[in-house]
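# A structural walkthrough
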Amino acid sequence: MKIGILAVQGDFAAHAAMLEGMGVETVEVRTPEDLANCDGLILPGGESTTQLQFLQEEGLYEAIRKFAAEDKAIFGTCAGAILLATEVKNPHQESLGLLDMTVLRNGYGRQVHSDVVSGPSTLKKDPLEMVFIRGPILERIGAGVDVLAEFAGKPALVQKARILAAAFHPELTDDTTVHEYFLKLAAEHSNRSTISR
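Residues numbered from 1 in each chain as written. Predicted model: local features only at pLDDT ≥ 70, side-chain atom pairs only at ≥ 80, totals over all residues. Heavy atoms only, no water.

A few words now on the sheet that holds strand β9 (residues 137–141). Pairing in this open sheet of three strands is mixed, and the strands run β5-β6-β9 from one edge to the other. Both outer strands of the open sheet, β5 (85–89) and β9, are each paired with one neighbouring strand and no more. Each strand axis lies, on average, 25 degrees off the axis of its neighbour in the sheet, ignoring direction. For strand β6 (residues 99–104) and β9, the ladder comprises four bridges, and the chain directions are antiparallel. Following the sheet pairing, Met 101 is matched in β9 by Ile 141. (Pairing = 2+ DSSP bridges. Helix = DSSP H or I, 4+ residues; strand = E, 2+ residues; numbered from the N terminus. Axes fitted to C-alpha atoms, helices over the stretch in contact; angles between N-to-C directions.)

Once that is clear, we can look at the sheet that holds strand β4 (residues 73–77). Where strands meet in a sheet, backbone hydrogen bonds hold them as pairs that are either parallel or antiparallel. Reading across the sheet, the seven strands line up as β2-β1-β3-β4-β12-β11-β10 and stay open at both edges, with mixed pairing between neighbours. Single-partner strands in this sheet number two, and they are β2 (25–29) and β10 (146–151). Each adjacent strand pair in this sheet contributes to an overall mean axis angle of 20 degrees, direction not counted. Examined bridge by bridge, strand β1 (residues 2–6) and strand β3 (residues 40–43) share three bridges and lie parallel to one another. Across the sheet, Ile 5 pairs through a bridge with Ile 42, a residue of β3. Packing against the sheet, helix α1 (residues 12–21) makes contact with β1, β2, β3 and β4, and its axis sits at approximately 165 degrees to β1. (Contact = heavy atoms within 4.5 Å.)

Moving on, we come to the pairing of β10. Here five bridges tie β10 to strand β11 (residues 154–160), and the two strands are oriented antiparallel to one another. Following the sheet pairing, Phe 151 is matched in β11 by Lys 154.

What follows concerns unusual backbone geometry. Residue Asn 90 is joined to Pro 91 through a cis peptide bond whose omega torsion reads -10 degrees. By secondary structure assignment, the location of Pro 91 is in the loop between β5 and β6. Although it is not a glycine, Asp 71 adopts a positive phi angle of roughly 65 degrees. Tracing the sequence through the fold places Asp 71 in the loop between α4 (60–69) and β4. Even without a glycine there, the phi angle at Asn 90 is positive, about 65 degrees. If you trace the backbone, Asn 90 turns up in the loop between β5 and β6. Owing to a relative accessible area of 48%, Asn 90 belongs among the partly exposed residues under this scheme. (Buried < 20%, exposed > 50% of the residue type's maximum accessible area, 1.4 Å probe, protein only.)

Next comes the structure, spelled out in C-alpha coordinates:
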(Lines give C-alpha, C1' and ligand atoms only; values in the text may rest on other atoms or scores of the structure.)
Protein backbone atom coordinates (compact mmCIF):
# COMPACT_ATOMS: atom_id res chain seq x y z
CA MET A 1 0.00 0.00 0.00
CA LYS A 2 1.19 3.49 -0.85
CA ILE A 3 -0.03 6.66 0.89
CA GLY A 4 0.42 10.09 -0.66
CA ILE A 5 1.00 13.12 1.56
CA LEU A 6 0.40 16.63 0.22
CA ALA A 7 3.88 18.17 0.57
CA VAL A 8 3.39 21.90 0.13
CA GLN A 9 4.13 23.17 3.63
CA GLY A 10 3.13 22.28 7.15
CA ASP A 11 3.89 19.03 8.94
CA PHE A 12 3.85 16.52 6.08
CA ALA A 13 7.19 15.06 7.25
CA ALA A 14 5.69 14.09 10.63
CA HIS A 15 2.92 12.11 8.90
CA ALA A 16 5.52 10.42 6.69
CA ALA A 17 7.68 9.52 9.70
CA MET A 18 4.72 7.98 11.54
CA LEU A 19 3.59 5.93 8.54
CA GLU A 20 7.10 4.79 7.67
CA GLY A 21 7.54 3.73 11.31
CA MET A 22 4.49 1.53 10.72
CA GLY A 23 6.09 0.02 7.61
CA VAL A 24 3.95 1.94 5.10
CA GLU A 25 5.37 3.44 1.90
CA THR A 26 4.70 7.17 1.46
CA VAL A 27 4.91 9.55 -1.50
CA GLU A 28 5.26 13.34 -1.34
CA VAL A 29 2.45 14.71 -3.50
CA ARG A 30 3.08 17.96 -5.38
CA THR A 31 1.58 17.14 -8.79
CA PRO A 32 -1.42 15.13 -10.06
CA GLU A 33 1.09 12.54 -11.35
CA ASP A 34 2.38 11.99 -7.80
CA LEU A 35 -1.16 11.06 -6.75
CA ALA A 36 -1.74 8.57 -9.56
CA ASN A 37 -0.64 5.34 -7.86
CA CYS A 38 -1.61 6.17 -4.28
CA ASP A 39 -4.11 4.14 -2.26
CA GLY A 40 -4.82 7.02 0.11
CA LEU A 41 -4.00 10.71 0.58
CA ILE A 42 -3.21 12.78 3.66
CA LEU A 43 -3.82 16.54 3.66
CA PRO A 44 -1.64 17.76 6.56
CA GLY A 45 -1.75 20.81 8.80
CA GLY A 46 -0.25 24.11 7.76
CA GLU A 47 -1.97 27.15 6.28
CA SER A 48 -5.14 26.20 4.42
CA THR A 49 -5.23 29.31 2.20
CA THR A 50 -1.67 28.66 0.96
CA GLN A 51 -2.43 24.99 0.40
CA LEU A 52 -5.66 25.72 -1.49
CA GLN A 53 -3.87 28.17 -3.79
CA PHE A 54 -1.20 25.54 -4.51
CA LEU A 55 -3.84 22.87 -5.27
CA GLN A 56 -5.58 25.17 -7.73
CA GLU A 57 -2.37 26.31 -9.45
CA GLU A 58 -0.89 22.82 -9.82
CA GLY A 59 -4.03 21.01 -11.01
CA LEU A 60 -4.32 19.06 -7.77
CA TYR A 61 -7.67 20.56 -6.82
CA GLU A 62 -9.51 18.59 -9.52
CA ALA A 63 -7.17 15.60 -9.15
CA ILE A 64 -8.06 15.26 -5.46
CA ARG A 65 -11.78 15.59 -6.16
CA LYS A 66 -11.43 12.82 -8.77
CA PHE A 67 -9.44 10.73 -6.24
CA ALA A 68 -12.36 11.08 -3.80
CA ALA A 69 -14.90 10.26 -6.53
CA GLU A 70 -13.04 6.97 -7.04
CA ASP A 71 -13.84 6.22 -3.37
CA LYS A 72 -10.21 6.36 -2.30
CA ALA A 73 -9.36 7.28 1.29
CA ILE A 74 -8.48 10.89 2.20
CA PHE A 75 -7.45 12.11 5.66
CA GLY A 76 -7.26 15.82 6.49
CA THR A 77 -5.67 17.07 9.72
CA CYS A 78 -6.13 20.65 10.98
CA ALA A 79 -5.69 22.73 7.79
CA GLY A 80 -6.39 19.55 5.83
CA ALA A 81 -9.76 19.24 7.59
CA ILE A 82 -10.53 22.82 6.54
CA LEU A 83 -9.76 21.91 2.92
CA LEU A 84 -12.21 18.97 3.09
CA ALA A 85 -15.15 20.96 4.51
CA THR A 86 -18.14 22.12 2.48
CA GLU A 87 -18.25 25.46 4.37
CA VAL A 88 -15.36 27.46 5.86
CA LYS A 89 -15.82 30.50 8.11
CA ASN A 90 -13.60 33.00 9.97
CA PRO A 91 -12.97 34.11 7.27
CA HIS A 92 -14.86 32.43 4.44
CA GLN A 93 -12.71 30.59 1.90
CA GLU A 94 -13.12 28.04 -0.86
CA SER A 95 -12.49 24.37 -0.16
CA LEU A 96 -12.62 20.95 -1.81
CA GLY A 97 -16.14 20.45 -0.40
CA LEU A 98 -15.73 16.70 0.10
CA LEU A 99 -17.09 16.39 3.66
CA ASP A 100 -20.41 17.94 4.71
CA MET A 101 -19.39 20.13 7.64
CA THR A 102 -18.87 23.76 8.61
CA VAL A 103 -15.52 24.66 10.14
CA LEU A 104 -14.32 27.80 11.92
CA ARG A 105 -10.68 28.50 11.07
CA ASN A 106 -8.44 28.97 14.12
CA GLY A 107 -11.56 28.22 16.15
CA TYR A 108 -9.71 27.16 19.28
CA GLY A 109 -7.68 30.36 19.14
CA ARG A 110 -4.65 31.24 21.20
CA GLN A 111 -5.95 29.65 24.41
CA VAL A 112 -5.23 26.31 22.79
CA HIS A 113 -2.26 27.70 20.88
CA SER A 114 -0.49 24.40 21.36
CA ASP A 115 -2.23 22.11 23.79
CA VAL A 116 -2.18 18.36 24.37
CA VAL A 117 -5.51 17.00 25.60
CA SER A 118 -7.26 13.65 25.85
CA GLY A 119 -10.81 12.87 24.89
CA PRO A 120 -13.19 9.99 24.25
CA SER A 121 -13.18 8.23 20.90
CA THR A 122 -14.82 5.25 19.23
CA LEU A 123 -11.42 3.95 18.09
CA LYS A 124 -10.11 2.70 21.44
CA LYS A 125 -11.15 2.24 25.08
CA ASP A 126 -8.54 4.60 26.50
CA PRO A 127 -8.82 8.37 25.93
CA LEU A 128 -7.31 9.52 22.64
CA GLU A 129 -4.39 11.95 22.87
CA MET A 130 -4.97 15.05 20.71
CA VAL A 131 -2.55 17.87 19.92
CA PHE A 132 -4.31 21.13 19.00
CA ILE A 133 -2.32 23.92 17.33
CA ARG A 134 -4.76 26.74 16.52
CA GLY A 135 -7.10 24.01 15.30
CA PRO A 136 -10.40 24.60 13.52
CA ILE A 137 -13.69 24.05 15.34
CA LEU A 138 -15.95 21.58 13.54
CA GLU A 139 -19.04 23.70 14.11
CA ARG A 140 -21.64 21.77 12.09
CA ILE A 141 -21.59 18.14 11.01
CA GLY A 142 -23.83 17.06 8.16
CA ALA A 143 -26.11 14.05 7.88
CA GLY A 144 -24.28 10.74 7.61
CA VAL A 145 -21.03 12.13 9.04
CA ASP A 146 -19.90 10.03 12.03
CA VAL A 147 -18.17 11.59 15.05
CA LEU A 148 -15.25 9.36 16.09
CA ALA A 149 -13.74 11.60 18.79
CA GLU A 150 -14.69 14.73 20.72
CA PHE A 151 -12.99 17.55 22.61
CA ALA A 152 -14.74 20.16 24.79
CA GLY A 153 -18.16 18.97 23.59
CA LYS A 154 -17.28 19.44 19.92
CA PRO A 155 -16.44 16.85 17.24
CA ALA A 156 -12.68 16.51 16.83
CA LEU A 157 -12.45 13.50 14.47
CA VAL A 158 -15.17 12.79 11.90
CA GLN A 159 -15.71 10.43 8.99
CA LYS A 160 -18.03 9.84 6.07
CA ALA A 161 -17.32 6.86 3.81
CA ARG A 162 -13.54 6.98 3.23
CA ILE A 163 -13.09 10.67 4.08
CA LEU A 164 -11.60 11.31 7.53
CA ALA A 165 -10.99 14.72 9.15
CA ALA A 166 -9.29 15.68 12.42
CA ALA A 167 -9.21 19.13 14.04
CA PHE A 168 -6.02 18.02 15.81
CA HIS A 169 -2.59 16.58 14.88
CA PRO A 170 -2.42 12.80 15.51
CA GLU A 171 0.99 12.70 13.80
CA LEU A 172 2.51 14.73 16.67
CA THR A 173 1.83 11.99 19.23
CA ASP A 174 3.28 8.51 19.67
CA ASP A 175 -0.20 7.00 19.31
CA THR A 176 -0.75 5.41 15.89
CA THR A 177 -4.48 4.70 16.48
CA VAL A 178 -5.86 7.31 14.05
CA HIS A 179 -3.36 6.49 11.31
CA GLU A 180 -4.08 2.76 11.72
CA TYR A 181 -7.78 3.51 11.25
CA PHE A 182 -7.06 5.57 8.11
CA LEU A 183 -4.92 2.75 6.69
CA LYS A 184 -7.87 0.37 7.13
CA LEU A 185 -10.04 2.74 5.07
CA ALA A 186 -7.36 2.89 2.37
CA ALA A 187 -6.89 -0.90 2.41
CA GLU A 188 -10.63 -1.53 2.01
CA HIS A 189 -10.63 0.31 -1.32
CA SER A 190 -7.31 -1.20 -2.40
CA ASN A 191 -8.50 -4.75 -1.68
CA ARG A 192 -11.80 -4.19 -3.45
CA SER A 193 -10.02 -2.81 -6.53
CA THR A 194 -7.75 -5.86 -6.64
CA ILE A 195 -10.73 -8.24 -6.44
CA SER A 196 -12.66 -6.37 -9.16
CA ARG A 197 -9.68 -6.72 -11.53
